[in-house]
Amino acid sequence: MTKLGIMSFAHMHAYSYAASIKQLNDVELTAAWDDDAARGKTVSAQFNVPYFDSLDAFLASGIDGVLICSENIKHRAMVEAAANAGKWILCEKPLATTIEDAQYMVDLCKKKGVGLGTAFPCRHVPPLVAVKNEIADGKYGQIYAATCTNNGSFPGGWFADPAQSGGGATMDHTVHVADVLRWMLGKEFTHVYCECDNLIRHGIGTDDVGSLHLEMEGGVKIAHVASWNRAKSFPTWGDVTMEIIGEKGVVTVDAFNQKLNLYNDEVMKTQWVNWGDNSDLGLVRDFVESIRERRDPIASGLDGLRAVEVTVAAYKSAESKRRVAI
Amino acid sequence: MRLGIIGCGVLGRFHAPCAVKAGFKVVACSDPVRANAELLAAEHGAEVIDDAMALCASDNIDVVAICTPTHVHAAFVIEAAKHGKHIFCEKPFCRTLAQCDDALAAVKKAGVKLFVGHVVRYFQEFCAMKQQIDEGKIGKPGFVRTFRGGQSPLGEGSWFRDFEKSGGVTLDCIIHDFDWLRYAFGDPERVFSQNLRERIDEGIDYAMVTFRFKSGVIATVTGSWAHPTGFKVKAEICGDNGMITYDSSEAPIASQLRGAGGAAPGVVLPASPVNDSPYYLEWADFQGWLQDKHAPRVTPEDAVWAVRMGLGAIESAETGQPVTF
């Protein structure tokens, strides 16, 4: 039996991870802790999991690994506490808001001999896995370019407070696709240009649209949109899409386009109901296996760091209005 | 109005019936491939004039339509203007800004009217999008994304695949989007772009272009001559009170033929099953302007701006840095 704990429910993904843990055999969610005690107690009751007022008691409760779902800015301190207690760690994305923090977290976990994973569930989305395998098999030949999106709805709350999130939509929605591209193509990013601003929901104090132009090793050219631009009336939360241009052909993948159209008169807007596999379940399952196998999760802390480097460079480019090297 | 057509390839043949419907009479045709000129001339009872410069000078012609490869537009515009002809010129107006300046100067000096075929301004779906925006249906627009493209066109002598002649997918194809974006959102401040123009000889070009407009709007345009088949247009406009999306592949008609299909066409044109073809509407607009009934939807200055946006994108892709207008 592997025992897991959740640190902070600030990020809504914590709810999905908790639900995923409940679905797995030989895994138990045995502890929860939150720096917001009221929230921690409420959610713990909801998932019927013991809540700990003290972080030390939480870490000493016999758990094997922790899932950290705090505000971005607090990832470092929580990873530090968990690593020092010898726990395996799955940290929500982005791993950190600065390269220095991400590097520190990676180095510390290595030093302490604990596994560190970044929550990149896209690596467990079957359509993305299928395209990655097709590329690896040479179906599209050499890859020349790609146009990608990670659009979303406005998340509100701490996400739009740079003091807690480190940035806006560009911070939130660049790292998934940056990681998918590195994973699919096996190449690192070399350059980024970014236009970003607060253009959709005015006055939020941070960017809600980022349009990035990236280059990878070997001159692969990438355009990527990171946004919170979906209207409230849009049928779903957002998307991850890619159009990949290769030597032997073109492939497009709309990662979550396994859906029904639902027309419900009580809601009065069209909704998309996803029937595809639950990628959070795949993410959590891999985390559990990584604990048992004493390895890093499939998307490691280093992968999280590489994605952070892209985001940080994107903001530097937007500030300077120049393309910058990564 | 008596019309002479220079360039009787895919677009010359395409424009002729639209011009006729708008009240023009096709009286002369010219093409370096004489058979092309003869075919079109026979359909309209027109004469064939082998020398296009002589067509520009002909006393029997009021308007010259230039449907040639891009790099020679300027020479014919200048010659036609010199002989007092009004001019319909396919987009892009010219291959370089110097050519734009020379051609526009000749037009102004001669006092003739020049209309450049930025036909997307007449496409019903793009008109509907602009109307929704102008009526405030999505609030203040902030972000735009468009896609246009598919299979790489060839053209006579494969001129589309000669970057020096066509300017690739950036100057030939997504210049449609550049013009429409400026029409809808005003002048751009700067542009950044990446492309695959180095592969144009293989029949592949692909461009990813981001404009920052003076209004603050960010627009990212993708153009493809990299797809093995087909042609598609997509648009998405995000405002502070809603969104618009459009995808040409969600069309009312879808047909599949069993058995052998035809050879790949020389150029791919979007199909728009509507009563009035947008190509007819642009000719009708030009006709109305010639009759002093109204100003044209596309001015010569608009056409120069579209070239400026296209060349700015190409320059950015070359330097790896944004280009400010």
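This text follows the structure it describes.
Residues numbered from 1 in each chain as written. Chains lettered and ligands numbered in written order. Predicted model: local features only at pLDDT ≥ 70, side-chain atom pairs only at ≥ 80, totals over all residues. Heavy atoms only, no water.

Asker: Outline the overall build of chain A, listing residues and values.
Answerer: Helices and strands together make up the secondary structure of chain A, namely eleven helices and 14 strands. Compactness check: chain A gives a C-alpha radius of gyration of 19 Å against a globular reference of 20 Å for 326 residues, within 12% of the reference. Put simply, chain A has 326 residues, and 59% of those count as buried. A separation of at least 24 residues holds for 70% of the contacts in chain A among residues at least 6 apart in sequence. Placing the 32 positive and 41 negative side-chain charges of chain A at their respective mean positions leaves the two points 3 Å apart. (Helix = DSSP H or I, 4+ residues; strand = E, 2+ residues; numbered from the N terminus. Rg over C-alpha atoms; globule rule 2.2 N^0.38 Å. Buried < 20%, exposed > 50% of the residue type's maximum accessible area, 1.4 Å probe, protein only. Contact = heavy atoms within 4.5 Å. Lys, Arg positive; Asp, Glu negative; His and termini not counted. Charge placed at Lys NZ, Arg CZ, Asp CG, Glu CD.)

Asker: Can you break down the overall build of chain B residue by residue, with the values?
Answerer: Secondary structure summary: chain B contains eleven helices and 13 strands in total. Structurally, chain B occupies a C-alpha span of about 55 × 55 × 40 Å along its principal axes. Looking at chain B as a whole, 58% of its 325 residues qualify as buried. Residue pairs at least 24 apart in sequence account for 69% of intrachain contacts in chain B once pairs closer than 6 positions are excluded. With an accessible surface of roughly 12800 Å², chain B has 50% of that area assigned to carbon and sulfur atoms. (Areas by Shrake-Rupley, 256 points an atom, 1.4 Å probe, with all protein chains shown as cover.)

Asker: Go over the nonpolar core with me, naming the residues and quoting the values.
Answerer: One broad trend across soluble globular proteins is that nonpolar side chains are buried collectively. Within the largest apolar cluster, 99 residues are counted, with the highest numbers of intra-cluster contacts made by Ile87, Phe93, Trp180, Phe185 and Trp283 of chain B. Here this core takes nine residues from helix α11 (residues 300-319) of chain B, the largest share from any one element. Each residue touching Ile87 of chain B, except ones within four places of it in the same chain, is listed here: Val64, Ile66, Val77, Ala80, Ala81, Val107, Val112, Lys113, Leu114, Phe115 and Phe286 of chain B. The next biggest cluster of nonpolar side chains, apart from the first, holds 51 residues, and it includes Ile6, Ile68, Met78 and Ala102 of chain A. (Core = buried A, V, L, I, M, F, W, Y, C linked by side-chain atoms within 4.5 Å.)

Asker: Provide a residue-level description of the side chain of Asp208 of chain A, including the pertinent values.
Answerer: All names here are of chain A. Here Asp208 lies in the loop between β7 (189-197) and β8 (209-216). Despite being buried, Asp208 has no salt bridge partner; Arg201 is the closest side chain of opposite charge, sitting 6.3 Å away. A polar contact of 2.7 Å, which involves the side chain of Asp208, links it to the backbone nitrogen of Leu199. A distance of 2.7 Å separates a polar atom in the side chain of Asp208 from the backbone nitrogen of Arg201. Excluding anything up to four places from it in sequence, Asp208 contacts Ala169, Asp197, Asn198, Leu199, Ile200, Arg201, Ala226, Ser227, Trp228 and Asn229. (Salt bridge = Lys/Arg side-chain N within 4 Å of Asp/Glu carboxyl O. Polar contact = N/O pair within 3.5 Å; in protein donor to acceptor, adjacent residues only side chain to side chain.)

Asker: For unusual backbone geometry, give the residues involved together with the corresponding values.
Answerer: All names here are of chain A. Note the cis peptide between Lys93 and Pro94, where omega equals -15°. In this fold, Pro94 is placed in the loop between β4 (88-91) and α5 (99-112). Even without being a glycine, Asp26 presents a positive backbone phi close to 60°. Phi at Asn48 is positive, roughly 55°, even though this residue is not glycine.

Asker: Give me the interface of chain B and chain A: which residues, what numbers.
Answerer: Between chain B and chain A, the residue contacts involve 35 residues of the former and 34 residues of the latter. Carbon and sulfur atoms make up 59% of the surface buried where chain B meets chain A, a total of about 3000 Å² over both sides. Taken together, chain B and chain A are joined by five salt bridges. Residue Arg212 of chain B is joined to Asp197 of chain A by a salt bridge in which the shortest nitrogen-to-oxygen separation is 2.6 Å. Run the count over chain B and chain A and you get 18 residue pairs in polar contact (both at pLDDT 80 or more). Every element with two or more residues in the side of chain B that touches chain A is listed here: β7 (141-150), β8 (188-195), β9 (206-213), β10 (218-224), β11 (231-239) and β12 (242-247) of chain B. Here the side of chain B that touches chain A is composed, by residue class, of 14 nonpolar, twelve polar and nine charged. (Buried area = accessible area lost by both parts, 1.4 Å probe. Nonpolar A, V, L, I, M, F, W, Y, C, P; charged D, E, K, R; others polar.)

Asker: Pulling in residues and values, what's your account of the sheet that holds strand β3 (residues 65-68) of chain A?
Answerer: Residue and element names in this part refer to chain A. Judged by pairing direction, the sheet is parallel, and its five strands sit side by side in the order β2-β1-β3-β4-β5 without closing on themselves. Each edge of the open sheet carries a strand with a single partner, namely β2 (27-33) and β5 (116-118). Neighbouring strand axes in the sheet, compared pairwise and without regard to direction, differ in orientation by 20° on average. As paired elements, strand β1 (residues 2-7) and β3 share four bridges and run parallel to each other. Paired with Leu4 across the strands is Gly65, a residue of β3. (Pairing = 2+ DSSP bridges. Axes fitted to C-alpha atoms, helices over the stretch in contact; angles between N-to-C directions.)

Asker: Break down the packing of helix α6 (residues 126-136) of chain A against helix α9 (residues 175-185) of chain A for me, with residues and values.
Answerer: Residue and element names in this part refer to chain A. Axis separation between α6 and α9 bottoms out at 9 Å; the angle between their running directions is 35°. Between α6, through Leu128, Val129, Val131, Lys132 and Ile135, and α9, the contact on the second element is made entirely by Val180, Trp183, Met184 and Leu185. Of the residues assigned to the contact of α6 with α9, the class counts are eight nonpolar, no polar and one charged.

Asker: Any details on a nonpolar patch on the surface? Residues and values, ideally.
Answerer: Residues and elements named next belong to chain A. A cluster of nonpolar side chains, Leu260, Leu262, Val273 and Trp275, forms an exposed patch at the surface whose accessible area comes to about 380 Å². Tracing the backbone shows Trp275 in the loop between β13 (270-274) and α10 (279-292). Look at Trp275 and you get exposed, because its relative accessible area is 53%. (Patch = residues over 30% accessible without salt bridge, like charges linked within 9 Å, V, L, I, M, F, W, Y side chains within 5 Å.)

Asker: I'd like a description of the sheet that holds strand β4 (residues 63-66) of chain B, backed by residues and values.
Answerer: Residue and element names in this part refer to chain B. Taken together, six strands build an open sheet; the order of strands is β3-β2-β1-β4-β5-β6 and the sheet is parallel. Both outer strands of the open sheet, β3 (47-48) and β6 (114-117), are each paired with one neighbouring strand and no more. Sheet analysis places strand β1 (residues 2-6) next to strand β2 (residues 25-30), joined by five bridges and oriented parallel. From the neighbouring strand, Ile5 faces β2, where its bridge partner is Cys29.

Asker: Account for the packing of aromatic side chains, with residues named and values stated.
Answerer: In total, this model carries 29 aromatic pairs over all chains according to the counting rule given. Centroid distance Phe52 of chain A to Phe58 of chain A: 6.4 Å. Interplanar angle 75°. Geometry classified as edge-to-face. Aromatic side chains Phe88 of chain B and Phe286 of chain B sit 6.3 Å apart centroid to centroid with 50° between the ring planes, which places their arrangement in the tilted category. With Phe88 of chain B in strand β5 (residues 86-90) and Phe286 of chain B in helix α10 (residues 278-290), this pair connects stretches of sequence that are 198 residues apart. The residues Phe88 of chain B and Phe286 of chain B share a single accessibility class, namely buried. Among the aromatic residues, those joined into a cluster by ring pairs are Phe126, Phe178, Trp180, Phe185, Phe211, Phe213, Tyr246, Trp305 and Phe325 of chain B. It is Arg76 of chain A that lies over the ring of Tyr104 of chain A; its NZ or CZ is 3.9 Å from the centre. Geometry around Phe147 of chain B places Lys234 of chain B over its ring, the cationic atom sitting 5.7 Å from the centre. (Phe/Tyr/Trp six-rings, centres within 6.5 Å; stacked < 30°, edge-to-face > 60°. Lys NZ or Arg CZ within 6 Å of the ring centre and 35° of its normal.)

Asker: Explain the pattern of salt bridges to me, and be specific about the residues and the numbers.
Answerer: Residue and element names in this part refer to chain A. This structure, assessed with the given rule, holds 41 salt bridges over all chains. Asp35 is the partner of Lys74 in a salt bridge, and the nearest nitrogen-oxygen pair spans 2.8 Å. Remark: Asp35 occurs in the loop between β2 and α2 (37-47) and Lys74 occurs in the loop between β3 and α4 (75-84); sequence separation between them is 39 residues. By relative accessible area, which is 37% here, Asp35 ends up partly exposed. Measuring nitrogen to oxygen at the nearest pair gives 2.8 Å for the salt bridge that ties Arg76 to Asp101. Note that Arg76 is positioned in helix α4 and Asp101 in helix α5, a separation of 25 residues in sequence. Residue Asp101 is classed as buried on the basis of its relative accessible area of 18%. One salt-bridge network, held together by shared partners, links Asp34, Asp35, Arg39, Glu71 and Lys74.

That's the geometry; what it means functionally is another story.
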